[in-house]
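One-letter residues, chain by chain:
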Amino acid sequence: MKQYVTKFNWINASQWLILIGISLNKTGELSALLLFSIILTAFFHKGYSIVKIIIIFLIIATISSINIYINNYPFYKFIQQWILLICYFICYKLFFEYNKNNLHELWEKYIKISIFISIIGIIQFIIYFFIKIDIFPNGFSNGEYIRFHSFFQEAGNLASFLTPAITYIILSKKYFHTHKKQSIILLLTYLLTFTTIAYFILILIIIYKLTTKYRFLKYIAIFFLIISIQFLVNNTSRKSYDQKNPIEAMQMKFFDTFSAFKSFTPYDFELLNASSYTTLTNIWIACKAPNRIIGTGLGTHEFSYTSLYKSNYELYGQNKSDAYSLFTRIFSEFGFIGIILFVLYLIKFYKRNNMISLSLLFFFLSVGIRGGHYTLYGIIFFFFFYMYNTKSYIK
């Protein structure tokens, strides 16, 4: 059996295995990781040092346990998250150590699977357009239009997963010209997710491209940013929006979110649209939670939520487990120290003049704003890719 496995191109197969697992869901990703780790150790007898990971997680366990005990929070969520995350980190450590000299091929496969997922999304849209049947129902269709989500749970998850690919095709000097059809498919899918975060990130990518090519535009961009902020601060009127129109729905989320910062209480947020309510309520919880220096501990945001905010509102508790934002969740559970360490990680492992590093940076910005799951749709995969890319020779 070992003879057949070793003759097989296991590097190539392992990369496809992990990427396909990521694109399915967190169960598929974890299953793929465990399968990879078992095969690697059983048939190839390869082992890599995981001492640093164990030490880091022991520190997290100690600090979190103390904070959970002090705040009288339940321990079961912390134990669940701790076991899950240490499994992910150990498996990804093995995966990237094994593939560290083949990151270019891994990136190419990520782009290819992003294109495949986008094609599935286009097929989904065409079928829905003609016969009003969502082949991957997720409960978010409103009967008038459908947001591209392919077989992902939500359109926002798909947008976040595609963000590195979108950044790469726009900012890369060659890719768009040599792969026009693939690039158009990716861009079309990204736009038709109709998610505010996708449009926001796309605008930032375009601004970055223009300001790096035409440096004088930096000053114009700063000017318009100041004007926009001033407009948002002064805008107190709330016009009516047609939520069946995806463009107006995004406008409503944007203006509701910024205007609500003035009142900043969850009971005021209940007057807003669902997305703005969820975003702002979780930010409010993170700001009001105990111990803002080192946080309340891993997996505790939902307990801060239920202890600090009580309501009979129909959307109460929405995204309380993931905080609806990675930045919000890190701040809630690990405090200012957690945010500082995350920013330092981004700075330390950023590779200048490297398109993949820049693409992943936009991904972290995307999930930082909208996506609080630690393990959903490849967040840890991209975390390790960003780190190992620094040591590689990918251009």
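The structure presented is a predicted model; accordingly, all values stated were derived computationally and were not measured. Residue positions are given per chain, counting from 1 as you read along its sequence in written order. Since the coordinates come from a predicted model, pLDDT governs what is reported: local features require at least 70, and pairs of side-chain atoms require 80 or more to be given and counted, while whole-chain, interface and lining totals use all residues. In computing side-chain properties, one takes all heavy atoms of the structure into account and sets aside hydrogens as well as water.

**A few points about the overall build of the protein**
Right, on to step 1. Secondary structure elements follow DSSP: runs of H or I no shorter than four residues count as helices, runs of E no shorter than two count as strands, and numbering proceeds from the N terminus. Scanning the protein for helices and strands turns up 18 helices and zero strands.
Right, on to step 2. Here, two residues are considered to be in contact whenever any of their heavy atoms come within 4.5 Å of each other. Across the protein, the fraction of contacts at a sequence separation of at least 24, relative to all contacts at a separation of at least 6, is 70%.
Right, on to step 3. Using the Shrake-Rupley algorithm and a 1.4 Å probe, accessible areas are obtained, with residue cover drawn only from the displayed protein chains. By element, 67% of the accessible surface of the protein is carried by carbon and sulfur atoms, the whole surface being about 20,000 Å².

**Some words on the pattern of salt bridges**
Right, on to step 1. Salt bridges are defined as contacts in which a side-chain nitrogen from Lys or Arg sits within 4 Å of a carboxyl oxygen from Asp or Glu. Going through the model one piece at a time under the given rule, you end up with five salt bridges.
Right, on to step 2. The salt bridge involving Glu 333 is made with Arg 329; its shortest N-O contact spans 3.2 Å. Within this pair, Glu 333 and its partner Arg 329 are both found in helix H16 (residues 326-348), separated by four residues, close to a single helical turn.
Right, on to step 3. Throughout this description, buried means an accessible area under 20% of the type-specific maximum (1.4 Å probe, protein chains only), exposed means over 50%, and partly exposed covers the range between. Take Glu 333: its relative accessible area is 0%, and that puts it in the buried class.

**So, helix H5 (residues 76-99)**
Right, on to step 1. Multiplying one less than the number of residues by 1.5 Å gives the expected span of a helix. Relative to the 34 Å expected for 24 residues at 1.5 Å per residue, H5 spans 35 Å between its end C-alpha atoms, a close match to the ideal helical length.
Right, on to step 2. Burial analysis of H5 places 17 of its 24 residues in the buried class, which makes it a mostly covered element.

**Regarding the environment of Leu 308**
Right, on to step 1. Structurally, the position occupied by Leu 308 is in helix H15 (residues 301-308).
Right, on to step 2. Each C-alpha atom of the pair Leu 308 and Lys 288 lies 7.7 Å from the other, and the pair is 20 residues apart in sequence.
Right, on to step 3. The residues contacting Leu 308, other than those within four sequence positions of it, are Trp 284, Ile 285, Lys 288 and Ala 289.

**Quick word on helix H6 (residues 103-131)**
Three or four residues apart is the spacing at which side chains of an α-helix point the same way, because the helix has 3.6 residues per turn.
Right, on to step 1. The end-to-end C-alpha distance of H6 is 42 Å, a good match for the 42 Å that 29 residues give at a rise of 1.5 Å each.
Right, on to step 2. Count one or two residues on from H6 and you reach Lys 132, which has phi positive near 55°.

**Considerations on unusual backbone geometry**
Right, on to step 1. A positive phi angle, close to 60°, is found at Asn 72, a residue other than glycine.
Right, on to step 2. Counting through the fold element by element, Asn 72 comes out in the loop between helix H4 (51-70) and H5.
Right, on to step 3. A relative accessible area of 69% places Asn 72 in the exposed class.
Right, on to step 4. Here Asn 353, not a glycine, exhibits a phi torsion of approximately 60°, which is positive.
Right, on to step 5. Among the structural elements, Asn 353 can be located in the loop between H16 and helix H17 (355-369).

**Quick word on the nonpolar core**
Right, on to step 1. Judged by nonpolar contacts, the single largest core of 86 residues is most densely connected at Tyr 92, Phe 96, Phe 364 and Phe 381.
Right, on to step 2. It is H5 that contributes the most residues to this core, twelve residues altogether.
Right, on to step 3. Those residues within four positions of Phe 96 in sequence are excluded, and the remaining contacts are Leu 103, Leu 106, Phe 381, Phe 384, Phe 385 and Tyr 388.
Right, on to step 4. We call a set of buried residues a nonpolar core when its members are Ala, Val, Leu, Ile, Met, Phe, Trp, Tyr or Cys and they connect through side-chain atoms within 4.5 Å of each other. Formed by ten residues, the second largest nonpolar core is a distinct cluster that contains Leu 280, Tyr 305, Tyr 313 and Leu 315.

**Section: the side chain of Thr 163**
Right, on to step 1. Its place among the elements puts Thr 163 in helix H7 (residues 155-171).
Right, on to step 2. Residue Thr 163 is classed as buried on the basis of its relative accessible area, which comes to 0%.
Right, on to step 3. A distance of 2.8 Å separates a polar atom in the side chain of Thr 163 from the backbone oxygen of Ala 159. Identification of polar contacts relies on pairs of N or O atoms within 3.5 Å, with a donor-acceptor requirement for protein atoms, meaning one able to donate a hydrogen and the other able to accept it, and with residues adjacent in sequence counted only if both atoms are side-chain atoms.

**Some thoughts on the packing of aromatic side chains**
Right, on to step 1. Stacked, tilted and edge-to-face pairs are distinguished by plane angle, under 30 degrees for stacked and over 60 for edge-to-face with tilted covering the rest, among Phe, Tyr and Trp rings (Trp via its six-membered ring) whose centres lie within 6.5 Å. The final tally for this structure, using the stated rule, is 53 aromatic pairs.
Right, on to step 2. Ring centres of Phe 152 and Tyr 377 lie 4.3 Å apart, and the angle between their planes is 15°; on these two criteria the pair is classed as stacked. With Phe 152 in the loop between H6 and H7 and Tyr 377 in the loop between H17 and helix H18 (379-389), this residue pair connects regions lying 225 residues apart in the sequence.
Right, on to step 3. With a centroid separation of 5.2 Å and an interplanar angle of 70°, the aromatic rings of Phe 381 and Phe 382 are classed as edge-to-face. Pair check on accessibility: Phe 381 and Phe 382 agree, each one buried.

**Considerations on the confidence of the model for the protein**
Detailed conclusions should not be drawn from predicted coordinates in areas where pLDDT is low.
Right, on to step 1. This prediction gives the protein a mean pLDDT of 84; 82% of its residues lie at or above 70.
Right, on to step 2. Scored from 0 to 100, pLDDT records how confident the predictor is in each individual residue. Within the protein, H18 carries the highest mean pLDDT (96), whereas helix H1 (residues 2-7) carries the lowest (51).

**Regarding the side chain of Ser 64**
Right, on to step 1. Considering the arrangement of structural elements, one finds Ser 64 in helix H4.
Right, on to step 2. With a relative accessible area of 1%, Ser 64 lands in the buried category.
Right, on to step 3. Dropping the residues within four chain positions of it, Ser 64 is found in contact with Phe 78, Thr 296, Gly 297, Leu 298 and Phe 334.

**Remarks on the packing of H17 against H18**
When two helices pack together, you describe them by how their axes are tilted relative to each other and by the distance separating the axes.
Right, on to step 1. Simply put, an axis is a line fit to the C-alpha atoms, just over the touching stretch for a helix, and the angle between two N-to-C directions goes from 0 to 180 degrees. Two numbers describe how H17 lies on H18: the axes approach to 10 Å, and their chain directions differ by 145°. Classified by chirality, the crossing of H18 by H17 is left-handed. Of the residues in H18, those touching H17 at Ile 356, Ser 357, Leu 360, Leu 361, Phe 363, Phe 364 and Val 367 are Ile 379, Phe 382, Phe 383, Phe 385, Tyr 386 and Asn 389.
Right, on to step 2. Across the contact of H17 with H18, the residue classes tally to eleven nonpolar, two polar and no charged. Crossings are assigned a handedness: left-handed for a near helix turned anticlockwise from the far helix by less than a right angle, right-handed for a clockwise turn. Here the term charged refers only to Asp, Glu, Lys and Arg, the term nonpolar to Ala, Val, Leu, Ile, Met, Phe, Trp, Tyr, Cys and Pro, and the term polar to all other amino acids, Gly among them.

**Observations regarding the packing of H4 against H5**
Right, on to step 1. Where H4 meets H5, the closest approach of the two axes is 11 Å, and the angle between their N-to-C directions is 165°. Here H4 lies roughly antiparallel to H5, going by the angle between them. Viewed along their axes, H4 and H5 form a crossing whose handedness is right-handed. Across the interface between the two elements, Ile 53, Phe 57, Ala 61, Ser 64, Ser 65 and Ile 68 of H4 pack against Phe 78, Trp 82, Leu 85, Ile 86, Phe 89, Ile 90 and Lys 93 of H5.
Right, on to step 2. For the contact of H4 with H5, the per-class residue count stands at ten nonpolar, two polar and one charged. Here the word oblique covers every angle except those under 35 degrees (roughly parallel), over 145 (roughly antiparallel) and from 65 to 115 (roughly perpendicular).

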